[in-house]
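Listed below, chain by chain, are the residues.
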Amino acid sequence: MSTFNTNLENTCCFIGGEWIAPTSGDFLELTDPSDGSNLCSIARGQKADIDLAVCAAHTALSGDWGSMTAAERGRLLFKISAEITKNVEWLAELEARDVGKPLSQARNDAIALARYLEFYGGAADKVHGQTIPYLNDYTVYTLREPHGVTGHIVPWNYPMQIIGRSVGAALTMGNACVLKPAEEACLTALAFAKIAHDCGLPEGALNVVPGLGSEAGAALSGHPDIQHVSFTGSVATGVKIQTAAAQNVTPVTLELGGKSPQVVFEDANIDRAIAFLINAGIQNAGQTCSASSRILVHKSIYETVRKRMSAAYSALTVGPAMSDHSLGPLVSKRQKELVDGFLDLAKRDKISIAAQGKYVADLPKDGAYILPTLLDNVPFEHPLAQDEIFGPVQVLIPFENEAEAIAIANSTDYGLVAGIWTKDGGRQMRMAKAIRSGQIFINNYGAGGGVELPFGGYGKSGHGREKGFEALYGFSTLKTVANWHGE
Ligand code: NAD
C-alpha cells in the first residue's frame with residue numbers, strides 16, 4: 001500500500017452535497033503507473049448510485065440551484081475558479097500520481113480547469129435569445145434554457161480539462177450534472193467536487209459517481225431521466241453510449257479519437273515548426289485525442305525535417321511523473337501493451353525507426369513506460385498511419401504536391417485537428433477549406449489547448465462542439481415563443 005495521502009476527505013460517491021459509500025459496498029483499487037504501487041481505493045459506483053445522483057440533480061434543479069440567476073451562477077464559477085487556482089499544486093500532484101502525467105503538464109491541466117471556469121463564469125449572463133420578425137400582430141422570441149440533468153462521462157487522459165469544458169459549460173447554463181470519471185482517474189474529479197461544494201455550489205448541482213464504464217457509465221448513458229449526455233473517449237464506447245441514449249432519445253455530444261495530421265510544405269518555417277511537430281505528438285505521452293500522430297512532409301524537405309525531428313527526439317527523456325521529465329509512463333500496463341503491439345507491427349512490416357527518446361537511469365521497473373518513437377517513411381494506408389495508437393508514436397509520410405497532401409490528410413476515418421505549415425496565403429486558405437477537421441491550425445498547433453476555441457470532430461472523431469462559446473449552445477436548448485397580441 002502506498003503512503004501517498006490524497007488529502008481528500010473521501011473517495012466515495014459525491015451525491016447531493018454529501019460523501020456517500022457506494023450502495024454495493026465495493027471499491028476499486030487505483031494504481032500509480034509510475035511505479036505500479038497501489039495508490040488508494042475509490043468507490044465502485046453502480047446503477048443504484050447513478051439513480052441517487054440523477055435524483056439529487058433533479059432536486060437541485062427544483063431547489064436552490066434552479067433558482068439562481070445567470071449572474072449568480074457566473075460569480076460562483078469565478079469563485080470556484082479562484083479556489084482551483086489556489087489549489088493547483090494539490091490538484092497537479094493528484095493527477096500526476098493517478099495517471100502518470102509529468103507534474104508540469106498536470107499543473108497546466110489544473111490551470112486550464114481554472115481558466116475554463118473563468119471563461120464560462122464570464123459568459124453565464126451573456127447568452128441571449130432572439131426576437132424574430134413574424135406577422136404584424138405577433139411578437140416572437142426565443143429562450144435559451146438548460147437541458148435539465150446532464151450526464152458527463154470522461155476519460156483518464158485529461159480529466160481536469162475535460163471536466164472544465166463539459167461540466168463547466170453545463171453548470172454555466174444552469175444544468176445539474178452527474179459526472180462519471182474514468183476508473184483509472186477519479187481523484188481530481190472528487191477534488192473538484194469538494195472545492196466546488198466548499199465554494200457554495202448548491203447540493204445536487206454536481207454529483208460524482210466513480211465506477212466502471214460497463215456499470216456506472218452504462219447506467220448513466222441509458223438513464224431515462226437525464227436530458228443530455230456528454231462523452232469523451234473511444235469510438236467503440238461512443239457507439240455504445242449513443243445507442244444507449246437513443247433508447248430515450250437523449251441528445252449526445254461525442255468527443256472521440258483522432259489521427260491528426262500536420263502538413264509541412266517546402267516553404268514552411270522549419271525552425272518554428274519542429275517544436276510544434278514533436279510536442280503535439282509526445283505531450284501526455286501521446287495519450288491525447290488531438291495528438292498530431294501523422295507528420296506529412298513535402299519530399300523536397302523530407303530529409304531535413306526527419307533529421308531535425310530525430311535530433312530533438314534523441315533529447316527526450318522518460319521517467320516518473322513526479323520527476324517531471326518530457327514524458328511520464330502511459331496510464332496503465334494495458335495501454336502499454338496496446339502501444340507495444342503497434343511497435344511490433346512496425347518491426348514486422350520493416351518500417352524503420354527514425355529516432356527514439358531515452359529512459360532515465362533510475363526508472364522504476366514496475367512502471368508502464370514506453371520510449372517516444374518516430375517512424376520513417378510510413379505508407380499512408382498502413383495501420384500505423386490510419387489507426388489511433390494513443391501513445392508517443394509519430395509517423396513521417398512524404399508527399400509530392402498539395403493535392404496529394406490533401407488526399408493523405410483526409411484518408412483516415414477521423415477529423416479532429418490538423419496543422420498546416422506554409423507561408424503561402426492562398427495555400428493556407430485552400431488547405432483549411434479542403435481538410436475535413438474540427439480545428440485547423442496554420443503555422444502553429446494546439447493539441448488540447450485553447451479554452452476559447454470550439455472543438456469537436458468530423459467523421460469518427462465525433463459530433464457536437466465543446467469549448468468556447470459554442471459549448472454553451474450545446475449545453476442548452478431553445479424554446480420559441482410566438483405571442484399573438486391582436487385585438
Ligand atoms: P473509453 O471509451 O474506454 O472510456 C472513456 C470513459 O467511458 C470512461 O469513463 C469509461 O469508464 C467510460 N465507459 C467505458 N465503457 C462504457 C460504457 N459501456 N458505457 C458508458 N461509459 C463507458 O476510452 P479511454 O480508453 O478512457 O480513452 C481513450 C480514448 O478516448 C481514445 O480513443 C481517445 O482518442 C479518446 N479521447 C477523445 C477525446 C476528445 O476530446 N475527442 C479526449 C480524450 C480521449
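Described below are features of the structure shown in this document. It should be emphasised that the depicted structure is a prediction, and the values quoted were computed from it without experimental measurement. The numbering scheme is per chain: residues are counted from 1 as the chain's sequence reads. In keeping with the predicted nature of the model, local features appear solely for residues at pLDDT of at least 70, side-chain atom pairs appear and are counted solely at 80 or more, and the whole-chain, interface and lining totals rest on all residues. Calculated side-chain values reflect all of the structure's heavy atoms, with hydrogen atoms and water omitted.

### Remarks on the sheet that holds strand β20 (residues 439-442)
Then step 1. The pairing criterion is simple: DSSP has to find at least two bridges between the two strands. In this description a helix means any DSSP run of H or I spanning at least four residues, a strand means any run of E spanning at least two, and both kinds are numbered starting from the N terminus. Strand order in the open sheet formed by seven strands is β15-β17-β18-β13-β12-β19-β20, with mixed pairing between adjacent strands. Whereas interior strands pair on both sides, the edge strands pair on one side only; in this sheet they are β15 (353-356) and β20. Pairwise comparison of adjacent strand axes, ignoring direction, gives a mean angle of 20° for this sheet.
Then step 2. Alignment of strand β17 (residues 373-375) against strand β18 (residues 393-399), held across three bridges, turns out to be parallel. Orientation is described by axes fitted as lines to C-alpha atoms, over the contacting stretch for helices, and by angles from 0 to 180 degrees between their N-to-C directions.

### Some thoughts on the site of the ligand
Then step 1. Definition of nearness: a residue and a molecule or strand are near each other if at least one heavy atom of the residue lies within 4 Å of the molecule or strand. Residues in contact with the ligand amount to 29 residues; listed here are only the nearest, K180, E183, S234, L256 and E388.
Then step 2. Between the ligand and G213 there is a distance of 3.3 Å, counted from an oxygen atom to a backbone nitrogen or oxygen.
Then step 3. In protein, a polar contact requires one atom able to donate a hydrogen and another able to accept it; more generally it is a pair of N or O atoms within 3.5 Å, and residues adjacent in sequence count only if both atoms are side-chain atoms. Residue E388 places a side-chain N or O atom 2.6 Å away from an oxygen atom belonging to the ligand.
Then step 4. Looking at the shell around the ligand, the elements that each hand over two or more residues are α5 (159-172), α7 (213-221), β10 (228-232) and α8 (235-246).
Then step 5. Residues belonging to the shell around the ligand are distributed by class as follows: 15 nonpolar, eight polar and six charged.
Then step 6. Those domain boundaries reflect an automatic or database domain assignment. Each of two domains, domain 1 (13-256 + 464-480) and domain 2 (260-450), supplies a minimum of three residues to the shell around the ligand. Residues are grouped as follows: nonpolar covers Ala, Val, Leu, Ile, Met, Phe, Trp, Tyr, Cys and Pro; charged covers Asp, Glu, Lys and Arg; every other residue, Gly included, is treated as polar.

### Some words on the sheet that holds strand β5 (residues 131-132)
Then step 1. Pairing in this open sheet of three strands is antiparallel, and the strands run β5-β6-β22 from one edge to the other. Lying at the two open borders of the sheet, with one neighbouring strand each, are β5 and β22 (476-484).

### Focus on the pairing of strand β13 (residues 292-298)
Then step 1. Each residue is assigned to one of three classes by its accessible area relative to the maximum for its type, calculated with a 1.4 Å probe on protein chains only: buried under 20%, partly exposed between the two thresholds, exposed over 50%. Along β13, seven of the seven residues are buried, which leaves the element largely enclosed by surrounding structure.
Then step 2. Across five bridges, the pairing between strand β12 (residues 260-264) and β13 is parallel. The residue of β13 that forms the bridge with P261 is R294.
Then step 3. Regarding the hand of the β-α-β motif, the stretch spanning β12, helix α9 (residues 270-282) and β13 is right-handed.
Then step 4. For β13 and β18, the ladder comprises five bridges, and the chain directions are parallel. Across the sheet, the residue bridging to L296 is I397, located in β18. The path from the first strand over the helix to the second decides the hand: if it runs clockwise while the strands point away from the viewer, the crossover is right-handed.

### Brief notes about the pairing of strand β4 (residues 38-43)
The two faces of a sheet get side chains in turn, since along a regular strand they alternate between them.
Then step 1. Here five bridges tie strand β3 (residues 27-31) to β4, and the two strands are oriented antiparallel to one another. Looking at the pairing, E29 lines up with S41 of β4.
Then step 2. Between β3 and β4, which pair antiparallel one after the other, the connecting turn spans six residues, and G36 there sits at a positive phi close to 75°.

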